[in-house]
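In case you want the letters, here they are:
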There are 2 protein chains.
Amino acid sequence: MRKPIAVRSLYGHVMHELGQRIVGGKVKPGEVLPREETLAESLQVSRTALREALKVLSAKGLIESRTGVGARVLEKRCWNQLDADVLAWRCASMPTDDFVDKLVEMREVIEPAAAASAARRRTAEQLAAIDTAYRAMDEAQTLDDWTVADLQFHDAVLQATGNELLQSLFSVVETALGTFFTLSARTAANFKYSLPHHQKVLEAIRRKQPEVARKAMQAMIADSQANLQQSRGRRRKKAGS
Amino acid sequence: MRKPIAVRSLYGHVMHELGQRIVGGKVKPGEVLPREETLAESLQVSRTALREALKVLSAKGLIESRTGVGARVLEKRCWNQLDADVLAWRCASMPTDDFVDKLVEMREVIEPAAAASAARRRTAEQLAAIDTAYRAMDEAQTLDDWTVADLQFHDAVLQATGNELLQSLFSVVETALGTFFTLSARTAANFKYSLPHHQKVLEAIRRKQPEVARKAMQAMIADSQANLQQSRGRRRKKAGS
DNA sequence: CCTGATTGTTTGTCATACAAATCACTATAA
DNA sequence: TTATAGTGATTTGTATGACAAACAATCAGG
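Residues numbered from 1 in each chain as written. Chains lettered and ligands numbered in written order. Predicted model: local features only at pLDDT ≥ 70, side-chain atom pairs only at ≥ 80, totals over all residues. Heavy atoms only, no water.

Participant: Would you explain the relation of the copies chain B and chain A in this entry?
Facilitator: Put simply, the two copies of the chain differ by a rotation about an axis and a shift along that axis. Note on the copies: chain B fits chain A at an RMSD of 0.0 Å, the axial shift is 0.0 Å, and the rotation between them is 180°. Such a combination of rotation and displacement between the chain copies is what one expects of a two-fold axis. In this assembly the copies share their binding face: 100% of the residues contributing to the interface of chain B also contribute to that of chain A. (Least-squares fit on C-alpha atoms with pLDDT ≥ 70 in both. Contact = heavy atoms within 4.5 Å.)

Next comes the structure, spelled out in structure tokens:
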């Protein structure tokens, strides 16, 4: 599921570099990038490789190239904000509280609805996949094991909706969970604290109770958010002292 | 807002052509495309232009190029289903009932939540934008005017959430509305039938009543879906007779 | 039968050249 | 003075040819 593909190729490196510069705010919307020749030179690649990177950034809505003018950075509203790379670039530096709140809101919109939908239409295989992920969470020994299994659980729920459009929103959920993990630095002792929430979701989907599943998922997210607020408070206190 | 940019350039044409072939099912997941040289020849373009198109398709998750192997079409689950182009390509041929149902489900997930969020956090300017769109709908004389204003209304609601991640889902809403318009071929007489629904949403957002806004939006979508089922029935009857 | 080197195929990258679109400037005319 | 048409400079778009790198298949040796 992970995709470090882009990092391998040269144009992938270039894309990453430029993408981070733009999303990170080093070049602002409205500005135009240096011309391709000089940009290629400063990045130590050929114009060909640079152009392929620019094309992909253009597909992500970050820039727009026009003949005789150059590559202009587009307004944020044009950006493909749900793109996995764009999300990753936004989280590259420490994400702002504001952005984290928006990720939480997305989870609140997507996941309870997905849980309800999954409870309605899941197949036996899809339920088994969720169950497998749940057991992996239960048996996790390390934080890493838990993280992998947790992602697998939420992915399995999205898959169980049978709606590929909802499934494509996994990149958002993935980013959100990943961010929360780094921000709310769990200890080895309490990282399993949300297991009961997951069990409730699993059981509701097993019993095909959409509204129960929705509520259970809502509760899980609310709890996660509370946990986040708590460590946010700790962080502020630390910074202030 | 519309983006016929890609159609202008050569590589845009190539991307469109190949994208439609893949999404349309002419080449199936797992298959590998012809090698770049022959593909470029058959499409009457240089390898340069072809490669830029392939890179963009790769960024949309449709294909994966590997040295020595070729460009393999990826599984549907890898596709960037929320990408505006991918959505458009899926609707290029008459969309299946199945796909339309999934679009409806997406609207049910996104728009009521967005309406509620907008009611909570809208600014005066954002409310004004929604109001403007509503008036344009009210004063629309032709079906075209209505369509434009309707899209503007739903976009304004998403904008009013202040969450750019939600805003990026407009491509889904846009595709859904566009599809419904073509499928449920309205007459000049009744194309304004959903105006009262829109008014309720507008008023709830004006009064900052999240749950009222959510319910109103839900009702609007349910009504739209009923309308769709109706014309779906007519279409079947016609095809069966 | 299995293992490892070799060879051919295909994409990845580079360099160069020219075409096409756009912008900035200037000269001209009303 | 203002508007307009034209002209040249700038930048991206496209084409071509060449070679490097990675991979698959084949074949030799154990």
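Participant: How do you make sense of the protein's contact with DNA strand C when you look at a structure like this?
Facilitator: If you check the shell around DNA strand C, you find 20 residues, and the closest are L10 and S46 of chain A together with E36, R47 and R51 of chain B. Backbone polar atom of L10 of chain A to a phosphate oxygen of DNA strand C: 2.5 Å apart, as the coordinates give it. The backbone of T67 of chain A places a nitrogen or oxygen atom 3.4 Å from a sugar or linking oxygen of DNA strand C. Elements represented by at least two residues in the surface near DNA strand C include exactly helix 2 (10-23) and helix 4 (47-59) of chain A together with helix 4 (47-59) and strand 1 (63-66) of chain B. Classifying every residue of the surface near DNA strand C gives five nonpolar, eight polar and seven charged. (Near = heavy atom within 4 Å. Polar contact = N/O pair within 3.5 Å; in protein donor to acceptor, adjacent residues only side chain to side chain. Helix = DSSP H or I, 4+ residues; strand = E, 2+ residues; numbered from the N terminus. Nonpolar A, V, L, I, M, F, W, Y, C, P; charged D, E, K, R; others polar.)

Participant: Help me out: how do you make sense of the pairing of strand 1 (residues 63-66) of chain A in this one?
Facilitator: Sheet faces and side chains relate simply in a regular strand, where the side chains alternate between the two faces. Looking at chain direction, strand 1 of chain A and strand 2 (residues 70-73) of chain A are connected through four bridges and run antiparallel. Pairing of I63 of chain A across the sheet is with V73 of chain A, part of strand 2 of chain A. (Pairing = 2+ DSSP bridges.)

Participant: Quick question: what am I supposed to make of the protein's contact with DNA strand D here?
Facilitator: With respect to spatial proximity, 20 residues lie near DNA strand D, and among them R47 and R51 of chain A together with L10, S46 and T48 of chain B are the closest. Within the side chain of R51 of chain A, an N or O atom sits 2.7 Å from a phosphate oxygen of DNA strand D. In the environment of DNA strand D, a base nitrogen lies 3.4 Å from a nitrogen or oxygen atom belonging to the side chain of R47 of chain B. When contributions to the surface near DNA strand D are tallied by element, the ones reaching two or more residues are helix 4 and strand 1 of chain A together with helix 2 (10-23) and helix 4 of chain B. Looking at the surface near DNA strand D, its residues break down into five nonpolar, eight polar and seven charged.

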